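Chain by chain, the residues run as shown.
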Amino acid sequence: MNPIAFDLTLPAQIISFLLLVWILAKFAWKPLMAMMEKRRLFIQENLAQAEAERKEAERIQREYKEEMRQARQEAQGIIEQAAKTGEQRAAEIVEEARRETEKLKASALADIEREREKAVSEVKAQVAGLSITVAEKLLRARLDLSDQADLVDQFIQEIGDGRPC
Amino acid sequence: MHETILWQVGSLGTIHGKTLVMTWMAFVVIFVLVFLGTRRLTSETPGKLQNFLEWIVDFVRGIIRDNMEYTKAAGLHAYLLTLILFVFVSNMLGLIPNIFWPLFEHVEFAKLDEIFHGAALMSPTADVNTTASLAVLTFVLIIAYGIRFHGPKYFKHFIEPNAIFLPIHLIDMVAKPMTLAFRLFGNIFAGEVLISVLLMLPGIAIFGGVVPMTVWLGFSIFIGAIQSFVITVLTTAYIAQAIGSDEH
């Protein structure tokens with residue numbers, strides 16, 4: 001028998017196959033592809049979302065880092081400021097203390113001077129008084145002991161000569 | 001080797017009954033496969049069969065993408081999917097032992113007793129009518145897509161670069177579907193002939209035939225898969241040629 005024999009099988013097969021294509025396209029491939037497309041979109045959406053979230057997270061991290069840096073800078077500034085203020089204050093205190101000391105020293109010197117002057121004048125007064133007393137006592141003793149007459153004579157002599165004693 | 005069982009269709013002519021019945025069996029197999037695969041369609045986690053179908057869909061999409069812009073031939077996708085599935089299942093059908101023989105042994109309706117006679121089923125693609133019908137459809141698609149993308153200008157390429165080339169173009173046009181049909185038919189028909197021959201090994205040698213039979217069935221599975229791929233790729237390539245004939 002001849003294996004290559006064309007007959008009505010050919011159109012029958014064409015019709016059968018087209019029918020199969022139509023049925024499968026309608027009931028299988030279309031819903032299947034729609035489902036695949038749906039999944040594709042779902043995955044795409046998820047990926048986009050993940051990407052957006054990643055970017056958002058990165059942004060937040062950047063912000064935090066920036067904030068942290070600023071805070072650190074601020075803290076540094078505050079510490080520096082405090083150190084400077086402290087130094088200034090210390091210098092001021094030292095300066096004040098020095099001034100105070102100067103003042104105290106000056107007033108103490110003045111006091112001493114005054115006291116000294118007072119003591120000197122007192123001593124002077126006392127010395128004067130004492131001298132007078134001593135002189136008095138000495139004179140009295142002399143006058144008592146020696147010849148007053150001689151003395152008087154002498155005075156008179158001297159006065160008569162016009163010479164100061 | 002299968003005897004040709006003829007159905008008389010009135011006075012119009014004859015139909016190869018066995019081929020047609022086997023074609024419908026292939027359809028049934030495909031329907032069952034596709035029905036089970038798309039029964040619980042989901043876009044989340046597909047089942048094993050849905051996964052398999054999706055793999056075929058992606059595979060055929062890859063074939064189309066290799067040849068042309070996918071958007072131009074999106075309508076071809078369903079056709080090519082059906083083609084590769086049908087040819088593959090058809091090729092496999094001829095390798096299956098005739099398990100239906102007891103069912104139809106005494107059914108004389110439509111010569112079913114004769115159709116289901118023999119050791120193995122028959123591949124519809126082992127009949128040149130089946131492969132020729134697929135080739136005719138490819139031929140129609142080539143011209144349809146050529147006209148769709150180039151209008152009447154499509155026919156101008158038959159006389160390019162010169163009218164002298166018209167016969168060559170015509171031969172090319174006829175040779176494409178012809179080679180398509182006879183390549184598939186030849187491969188599968190020869191495979192079935194060899195299966196019949198191996199089954200004819202006489203007497204004690206029947207057991208000896210187990211080894212060559214196993215080897216040959218394995219090889220036939222390979223051939224069947226390759227041929228289903230080849231006819232799909234070539235159909236795509238021919239149509240791509242018609243679509244992009246003035247762009248290359």
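A brief report on the enclosed structure follows. Think of each chain on its own: its residues are numbered from 1, step by step along the sequence as written. In the order they appear in the text, chains get letters beginning with A and ligands get numbers beginning with 1. Since the coordinates come from a predicted model, pLDDT governs what is reported: local features require at least 70, and pairs of side-chain atoms require 80 or more to be given and counted, while whole-chain, interface and lining totals use all residues. Hydrogens and water molecules were not included; the side-chain quantities draw on all heavy atoms of the structure.

1. Section: the overall build of chain A
This is how the line gets drawn: For the purposes of this entry, the term helix denotes a DSSP run of H or I that reaches at least four residues, the term strand denotes a run of E that reaches at least two, and both are numbered from the N terminus. Only C-alpha atoms enter the radius of gyration; for comparison, a globular chain is expected to reach 2.2 Å times N to the power 0.38, where N is the number of residues. Residue burial is assigned from relative accessible area. The probe radius is 1.4 Å, only protein chains are included, and a residue is buried under 20% of its type maximum, exposed over 50%, and partly exposed in between. Where accessible areas are quoted, they stem from the Shrake-Rupley method and a 1.4 Å probe; at the residue level, only the protein chains shown are allowed to cover. We count Lys and Arg on the positive side and Asp and Glu on the negative side, and we leave His and both chain ends out. The atom standing in for a charge is NZ when the residue is Lys, CZ when it is Arg, CG when it is Asp and CD when it is Glu.
Secondary structure assignment for chain A yields two helices and zero strands. Computed over its C-alpha atoms, the radius of gyration of chain A comes to 66 Å, more than 25% above the 15 Å expected for a compact globule of 165 residues. With 165 residues in all, chain A has 11% of them scored as buried. Summed over its atoms, the accessible surface of chain A is roughly 13,800 Å², and 61% of this surface lies on carbon and sulfur atoms. Charged side chains in chain A number 26 positive and 30 negative. The centres of these two groups are separated by 14 Å.

2. With respect to the packing of helix α6 (residues 128-150) of chain B against helix α9 (residues 210-243) of chain B
In helix packing, the relevant descriptors are the interaxial angle and the interaxial distance, both defined with respect to the helix axes. Residue and element names in this part refer to chain B. Put simply, the rule is: Lines fitted to the C-alpha atoms define the axes, with helices restricted to the stretch that makes contact. Angles between their N-to-C directions range from 0 to 180 degrees. Each angle receives one of four descriptions, namely roughly parallel if under 35 degrees, roughly antiparallel if over 145, roughly perpendicular if within 65 to 115, and oblique otherwise. Less than a right angle of anticlockwise turn of the near helix away from the far helix marks a crossing as left-handed, whereas a clockwise turn marks it as right-handed. The contact rule is simple, with two residues in contact once any of their heavy atoms fall within 4.5 Å. Residue polarity follows a fixed list, in which Ala, Val, Leu, Ile, Met, Phe, Trp, Tyr, Cys and Pro are nonpolar, Asp, Glu, Lys and Arg are charged, and the others, Gly among them, are polar.
It is at 8 Å that the axes of α6 and α9 come closest, and there the two elements cross at 25°. Viewed along their axes, α6 and α9 adopt a mutual orientation that is roughly parallel. Remark: the crossing between α6 and α9 carries right-handed chirality. Contacts between α6 and α9 involve L134, T138, L141, I142, Y145, G146, F149 and H150 on the former and, on the latter, I231, T235, Y238, I239, A242 and I243. Looking at the contact of α6 with α9 residue by residue, the class counts come to ten nonpolar, four polar and no charged.

3. What to know about the interface of chain B and chain A
Our working rule: Throughout, the accessible surface (probe 1.4 Å) given up by two parts as they are put together, summed over both, is called the buried area. The working definition used for a salt bridge is a side-chain nitrogen of Lys or Arg within 4 Å of a carboxyl oxygen of Asp or Glu. Polar contacts, as used here, are pairs of N or O atoms within 3.5 Å; protein pairs need one atom able to donate a hydrogen and one able to accept it. Residues neighboring in sequence count only if both atoms are side-chain atoms.
Each side of the interface is counted separately: chain B has 51 residues, and chain A has 30 residues. A buried area of about 3,400 Å², summed over both sides, lies between chain B and chain A, and 77% of it is on carbon and sulfur atoms. Area buried by chain B at its contact with chain A is led by S43, T82 and N129 of chain B, which between them contribute 17% of it. Put simply, chain B and chain A have one salt bridge between them. The salt bridge involving E54 of chain B is made with R39 of chain A; its shortest N-O contact spans 2.7 Å. Summed over the shared surface of chain B and chain A, the number is eleven residue pairs in polar contact (both at pLDDT 80 or more).

4. Structural notes on the pattern of salt bridges
Residues and elements named next belong to chain A. Within this structure, the stated rule accounts for 14 salt bridges over all chains. Residue R89 pairs with E92 through a salt bridge whose shortest N-O separation is 3.1 Å. Of this pair, R89 and E92 both sit in helix α1 (residues 9-145), separated by three residues, roughly a single helical turn. R116 serves as the salt-bridge partner of E113, at 3.2 Å between the closest nitrogen and oxygen. Placement of the pair is E113 and R116 together in helix α1, with a separation of three residues, close to one helical turn. For R116, a relative accessible area of 48% translates into the label partly exposed. A single network of salt bridges, built from pairs that share partners, joins E51, R54, K55 and E58.

5. Some thoughts on the packing of aromatic side chains
Aromatic ring pairs: the centre-centre distance and the angle between the two ring planes describe each pair. All names here are of chain B. Our working definition: Only the six-membered ring of Trp is used, alongside the rings of Phe and Tyr, when aromatic pairs are assigned; centres must lie within 6.5 Å, and planes under 30 degrees apart are stacked while those over 60 apart are edge-to-face, with the rest tilted.
Tallying each qualifying case throughout the model produces 17 aromatic pairs over all chains. Geometrically, the ring pair formed by W7 and W24 is tilted, given 6.4 Å between the ring centres and 45° between the ring planes. Residue W7 is located in strand β1 (residues 6-9), and its partner W24 is located in helix α1 (residues 17-38); the two are separated by 17 residues in the primary sequence. With a relative accessible area of 17%, W7 lands in the buried category. Judged by its relative accessible area of 40%, W24 falls in the partly exposed class.

6. Remarks on empty space enclosed by the protein
The cut-off we apply is this: Definitions used for this entry: grid spacing 1 Å over protein atoms alone; cavity, a set of points where a 1.4 Å probe fits but cannot get out; pocket, an open set with protein on both sides within 12 Å along at least 5 of 7 lines; lining residue, one with an atom within 4 Å of a point. Grid points are joined across faces, edges and corners, and a volume is the space filled by probe spheres set on the points.
If you walk through the whole model with that rule in mind, you get one cavity of 30 Å³ or more. Size it by volume and the largest cavity reaches roughly 30 Å³. Lining the largest cavity, in full, are Q13, S16 and F17 of chain A together with T23, F27, F86, T130 and S133 of chain B. Among the elements of the structure, α1 of chain A together with α1 and α6 of chain B are those that each provide at least two residues to the lining of the largest cavity. Broken down by element, the residue count for the lining of the largest cavity peaks at three residues, all from α1 of chain A.

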